[in-house]
Amino acid sequence: MMRPVDLASQADQLAAGDTTSVALTERSLAAIDALQPTLNAFISIDREGALTAAAAADERRTAGRPLSALDGVPIAHKDIFCTAGLKTSCGSRMLDTFVPPYNATVVDRFAAAGLVTVGKTNMDEFAMGSSNETSFYGDVMNPWDTTRSPGGSSGGSAAAVAAGIVAGATGTDTGGSIRQPAALCGITGVKPTYGRASRYGMIAFASSLDQAGTLTRTAKDAALLLELLCGFDPKDSTSLDVPMESWTADIDKPLDGLRIGVAEAFYDDGLASGCRDALEVALDEYRQLGATVSTVELPHLYLSVPTYYVVAPAECSSNLSRFDGIRFGHRATDCDDLAELYTRSRSEGFGDEVKRRIMTGTYVLSSGYYDAYYLKAQRARQLISADFKAAFATVDVIAGPTAPTPAFGLGDKVDDPVTMYLNDIYTIGANLAGLPALSLPMGVVDGLPVGMQLIGPALSEARLLNAAHGFQSATDWHHATPPLFQGGEQ
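Let us look at the structure shown here. Predicted, not measured: the structure shown is a model, and the values here were computed from it.

1. Observations regarding the packing of aromatic side chains
Moving on, step 1. Across all of its chains, the model carries 16 aromatic pairs by this definition.
Moving on, step 2. Ring plane angle 15 degrees and centroid distance 4.0 Å describe the contact between Tyr-309 and Tyr-421, whose orientation is recorded as stacked. With Tyr-309 in helix H9 (residues 304-319) and Tyr-421 in helix H13 (residues 417-421), this residue pair connects regions lying 112 residues apart in the sequence. Tyr-421 shares its class with Tyr-309; the two are buried.
Moving on, step 3. Aromatic rings pair up to connect Phe-98, Phe-126, Phe-323, Phe-328 and Phe-350 into one cluster.
Moving on, step 4. The ring of Phe-408 is capped by Lys-413, whose NZ or CZ atom sits 4.3 Å from the centre of that ring.

Written as structure tokens, this is what we have:
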């Protein structure tokens, strides 16, 4: 098995004529075939479409007209993005037979740049989960230890990148669903500012929180992909109409003077000692690179989990009401009347976690409880946003652990929803405030990778990626590979 290669290296090999898109794509497809029984990282594989796109990329490069620096590089999409002619299931039985007639904007933008889609990655059902155990298509396994979770909901994308199947993949992040699996799989995951990436064609979970992003091996790779992925989209009413600067131009800028804030709220009782120690070592590395580290206060961050689990289920309840067995999605058979059709179609189509969140959301939006729960949660959300704004008056980025522990065992938390929800305790705040955030590898604890989270003010992606790249230029954690590759080729 070949060791993982980053996107930038693949682009350089293509530009130098050392390889072809067809060769890279065939390698990726072969890796899927070899590792799918072990990892279950994919739901759909587009073998014919990928090889056709790769051959077209090679023709363009031979003619001297590549569409972008990444033209011909194979990637994968989380199965939450609509892909014309290719099943988009959202990890659910409800959409097991759904083949969209159009592409999500994210998919179109990557295709316009010549990237080759090899398949759609496994995910928690409708992006609801932190372990990739709620998928209709079965659990995804962590390449570092296949008895452990890769995180969720973008666990399939994270596992595929960590295992070297592809060098980059898309994900979505509603409460940490890019950053947490990136941390547990030892790769780099980025959630841009809310509205930076189009949500058109991305099946909605919680509309005010969902954001598309990337999973890659390095921050430089993330910058390359995000420059293609982000930008104003008139099809998306939540899209930000702001200028797009280059996020790769200043990525090598020295970190002298970078002001890093660390919140005491991150050092709670749930933080494993190994993660705490790794974070302290990482912060010392930043000091050596010229950054300053100080304490910041986020006094309402402790409200993030209860706030999220009112707001997100409320929006989920509304968004998923369209799946009723009538126009598309799973439809129950042999029903006596319309009420039975609705009830059985939804009961059969949705899994337990999705049903739990729909019921919670319906409850908090119901008459008599709306003010007590939903409006109160929105007020708490504003307090959390205000705390971040105050903190960024004195620091450039806020650093902390991405997850409280290394990857946990599959099955360990599946019967305890509250414990599972607490695994996102450090990531949810950035979603509630709509801020850009990323996770990058900062160490290995008990043979498993752990991640450091960096959060920045709105529209500060360039600074965040620079800070992450500077750390990765001085450390080797992003080069660490799972035991899967021990004894493999370099």
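2. Some thoughts on the nonpolar core
Moving on, step 1. Ranked by size, the top nonpolar core spans 103 residues in total, and within it Phe-126, Tyr-286, Ile-398 and Leu-454 carry the most contacts.
Moving on, step 2. Beyond its immediate stretch of four places on either side in the chain, Tyr-286 contacts Leu-255, Leu-258, Ile-260, Ala-291, Met-452, Leu-454, Ala-467, Ala-468 and Phe-471.
Moving on, step 3. If you look at the next biggest cluster of nonpolar residues, it comprises 28 residues, including Leu-29, Ala-50, Val-140 and Ala-158.

3. What about the packing of helix H2 (residues 21-39) against helix H3 (residues 47-62)?
Moving on, step 1. Contact pair H2 / H3: the axes reach a minimum separation of 8 Å and the direction vectors enclose 160 degrees. Comparing the axis directions of H2 and H3 gives the class roughly antiparallel. Every pair of crossing elements has a handedness; the one defined by H2 and H3 is right-handed. Side by side, H2 and H3 meet where Ser-21, Val-22, Thr-25, Glu-26, Leu-29 and Asp-33 of the first sit next to Arg-47, Ala-50, Leu-51, Ala-54, Ala-55, Ala-57 and Asp-58 of the second.
Moving on, step 2. Split into classes, the residues belonging to the contact of H2 with H3 amount to seven nonpolar, two polar and four charged.

4. Considerations on the pattern of salt bridges
As a working rule, side chains carrying opposite charge can pair if their charged atoms are close by.
Moving on, step 1. Scanning all chains against the criterion turns up 14 salt bridges.
Moving on, step 2. Note that Asp-96 and Lys-87 form a salt bridge whose closest N and O atoms lie 3.1 Å from each other.
Moving on, step 3. With its nearest N and O atoms 3.0 Å apart, the salt bridge here joins Asp-396 to Arg-259. Taken as a pair, Asp-396 in the loop between helix H12 (370-391) and strand S9 (397-401) and Arg-259 in strand S7 (residues 259-263) lie far apart in primary sequence, 137 residues in all.
Moving on, step 4. On the basis of relative accessibility, which here comes to 33%, the residue Arg-259 falls in the partly exposed class.
Moving on, step 5. Salt bridges sharing common partners tie together Arg-196, Glu-245 and Glu-461.

5. A few points about the packing of helix H8 (residues 273-288) against helix H15 (residues 461-474)
Moving on, step 1. It is at 10 Å that the axes of H8 and H15 come closest, and there the two elements cross at 95 degrees. By the angle between their directions, the pair H8 and H15 is classed as roughly perpendicular. Residues Ala-282, Glu-285 and Tyr-286 of H8 lie in contact with H15, whose contacting residues are Ala-467, Ala-468, Phe-471 and Ala-474.
Moving on, step 2. When grouped by side-chain class, the residues that make up the contact of H8 with H15 number six nonpolar, no polar and one charged.

6. Comments concerning helix H4 (residues 105-112)
Moving on, step 1. If you check which residues of H4 are buried, you get Thr-105, Val-106, Val-107 and Phe-110.
Moving on, step 2. Where H4 is buried, its residues meet strand S2 (74-78), strand S4 (168-172), strand S6 (212-216) and helix H7 (219-229).
Moving on, step 3. One or two steps after H4, the chain reaches Gly-114, where phi turns positive at roughly 90 degrees.

Analysis parameters
- Residues numbered from 1 in each chain as written.
- Predicted model: local features only at pLDDT ≥ 70, side-chain atom pairs only at ≥ 80, totals over all residues.
- Heavy atoms only, no water.
- Phe/Tyr/Trp six-rings, centres within 6.5 Å; stacked < 30°, edge-to-face > 60°.
- Helix = DSSP H or I, 4+ residues; strand = E, 2+ residues; numbered from the N terminus.
- Buried < 20%, exposed > 50% of the residue type's maximum accessible area, 1.4 Å probe, protein only.
- Lys NZ or Arg CZ within 6 Å of the ring centre and 35° of its normal.
- Core = buried A, V, L, I, M, F, W, Y, C linked by side-chain atoms within 4.5 Å.
- Contact = heavy atoms within 4.5 Å.
- Axes fitted to C-alpha atoms, helices over the stretch in contact; angles between N-to-C directions.
- Parallel < 35°, antiparallel > 145°, perpendicular 65-115°, else oblique.
- Left-handed = near helix turned anticlockwise from the far one by under 90°.
- Nonpolar A, V, L, I, M, F, W, Y, C, P; charged D, E, K, R; others polar.
- Salt bridge = Lys/Arg side-chain N within 4 Å of Asp/Glu carboxyl O.

Geometric descriptors of this kind do not, in isolation, establish any biological role.
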